[in-house]
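# What the coordinates show
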Amino acid sequence: MNASADVPWFPVASASDLVERHIFAGELHAIELALWRDDEGGVNAWDNRCCHRGARLTLGINTGHRVRCQYHGWQYRSGDGRCVVLPAASQTPPPTSVCVHTFAALEQHGLVWVHLGLPAGSHALPPPSDWLIEVPGTGRAQRALQSLVLHADVAAALAGVQRYAECDAQLSTDAALTWQHNARAARLSWSEGGQTVELHFLLQPARGDKTIVHSVLDTDAGAAGLASWPARHQAAMQRLRQ
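Residue positions are given per chain, counting from 1 as you read along its sequence in written order. Since the coordinates come from a predicted model, pLDDT governs what is reported: local features require at least 70, and pairs of side-chain atoms require 80 or more to be given and counted, while whole-chain, interface and lining totals use all residues. With hydrogens and water set aside, each side-chain value is computed from the structure's full complement of heavy atoms.

### A word on the pairing of strand E13 (residues 185–192)
- Within E13, 6 of the 8 residues are buried, which leaves it mostly tucked inside the rest of the structure.
- In this scheme, strands are said to pair when DSSP sees at least two bridges between them. By definition, any uninterrupted DSSP run of H or I lasting at least four residues is a helix, any uninterrupted run of E lasting at least two residues is a strand, and each is numbered from the N terminus. Taken together, the 4 bridges between strand E12 (residues 178–181) and E13 define a ladder with antiparallel strand orientation. Paired with Trp179 across the strands is Leu188, a residue of E13.
- The hairpin formed by E12 and E13 contains 3 residues between the paired strands.
- Here E13 runs beside strand E14 (residues 195–207); their pairing, made up of 8 bridges, is antiparallel. Bridge pairing in E14 places Leu188 opposite Leu199.
- Between the end of E13 and the start of E14, which pair antiparallel, lie 2 residues, with Gly193 showing a positive phi angle near 60°. Only protein chains enter the area calculation, which uses a 1.4 Å probe; residues under 20% of their type maximum are buried, those over 50% are exposed, and those in between are partly exposed.

### Section: the sheet that holds E13
- The strand order across the open sheet formed by 5 strands is E11-E15-E14-E13-E12, and the pairing between neighbours is antiparallel. Each edge of the sheet is formed by a strand with only one pairing partner; in this case those strands are strand E11 (140–150) and E12. Adjacent strand axes in the sheet meet at a mean angle of 20°, parallel and antiparallel pairs treated alike.
- Contact between two residues is taken to exist if any of their heavy atoms lie within 4.5 Å; hydrogens are not considered. Think of each axis as a best-fit line through the C-alpha atoms, taken over the contacting stretch in the case of a helix, with angles from 0 to 180 degrees between the N-to-C directions. On top of the sheet, helix H3 (residues 229–241) reaches E11, E13, E14 and strand E15 (210–220); it is set at about 30° to E11, its chief contact.

### Some words on the nonpolar core
- Grouping buried Ala, Val, Leu, Ile, Met, Phe, Trp, Tyr and Cys residues that are joined through side-chain atoms within 4.5 Å yields what is termed a nonpolar core. Leu33, Leu35, Val114 and Leu202 are the most contacted members of the largest nonpolar core, which totals 24 residues.
- Among the elements of the structure, strand E1 (10–14), strand E3 (31–37), strand E9 (102–108) and strand E10 (111–115) are those that each provide at least two residues to this core.
- The biggest single contributor to this core is E10, with 4 residues.
- If sequence neighbours within four positions are ignored, Leu33 has contacts with Val12, Phe24, Ala25, Gly26, Glu27, Leu28, Trp46, Asn48, Thr58, Phe103 and Leu116.
- Listed in part, the 23 residues of the second largest apolar core include Leu158, Leu171, Phe201 and Ala236.

### Describing the confidence of the model for the protein chain
- Per-residue pLDDT for the protein chain has a mean of 89; in total, 92% of the residues score no lower than 70.
- Residue-level confidence of the predictor is summarised by pLDDT, bounded by 0 at the bottom and 100 at the top. A low-confidence stretch, residues 1–5 stays under pLDDT 50, and its non-local contacts, those more than four residues away or across chains, total 13 contacts.

### Some thoughts on unusual backbone geometry
- Although it is not a glycine, Arg21 adopts a positive phi angle of roughly 55°.
- Among the secondary structure elements, Arg21 is positioned in the loop between E1 and strand E2 (23–28).
- We classify Arg21 as partly exposed; its relative accessible area is 44%.

What follows is the structure, given as structure tokens:
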């Protein structure tokens, strides 16, 4: 748990996974995460364990400003994760040292990113450029597409996504495809319908034998074909998985 501060940011969920009053179960480097959004829109990324008996917080309740553990009802507030309610000692404020383990979290590119080496409230720096994705320029828009779980390590998952063009019928015959990749991300670029399209693949190492592939589409804002992309991408990723 004592990851150094130079451990990079990693995507751990789509922003749309953190729906109102829900706690999303994530995993990064074999650390279970409780990911949730408070009623003001703030994103929390916590170690998925109650301080009391280690019960999973993802089994608890998101009240909008706190998470209540289902085991004995301990409640932890949004932000610093401090325990503010101990039902068995309701007349005594909980010690300030009773907190869940928090991680820095931010939203960018339609994804939720977590830094295991920094606590919540740390200065939020954008994910490094070696993820091969930038903030969209003027007239461009990004959309997070369906993520895919692969039971493989990151290297095998990266090799797999490079077969994406073979799994999309509209791309497999296009000779003008450009691939870029590094150890944790890949970017596919091509021209379609008179515009430049980029598809980013960002790899989340959940654990040694499990990698989650997050995909982000970057294209002209208001492009006519944008609405068809979720179904098209889902079909291609399912073929890739087979």
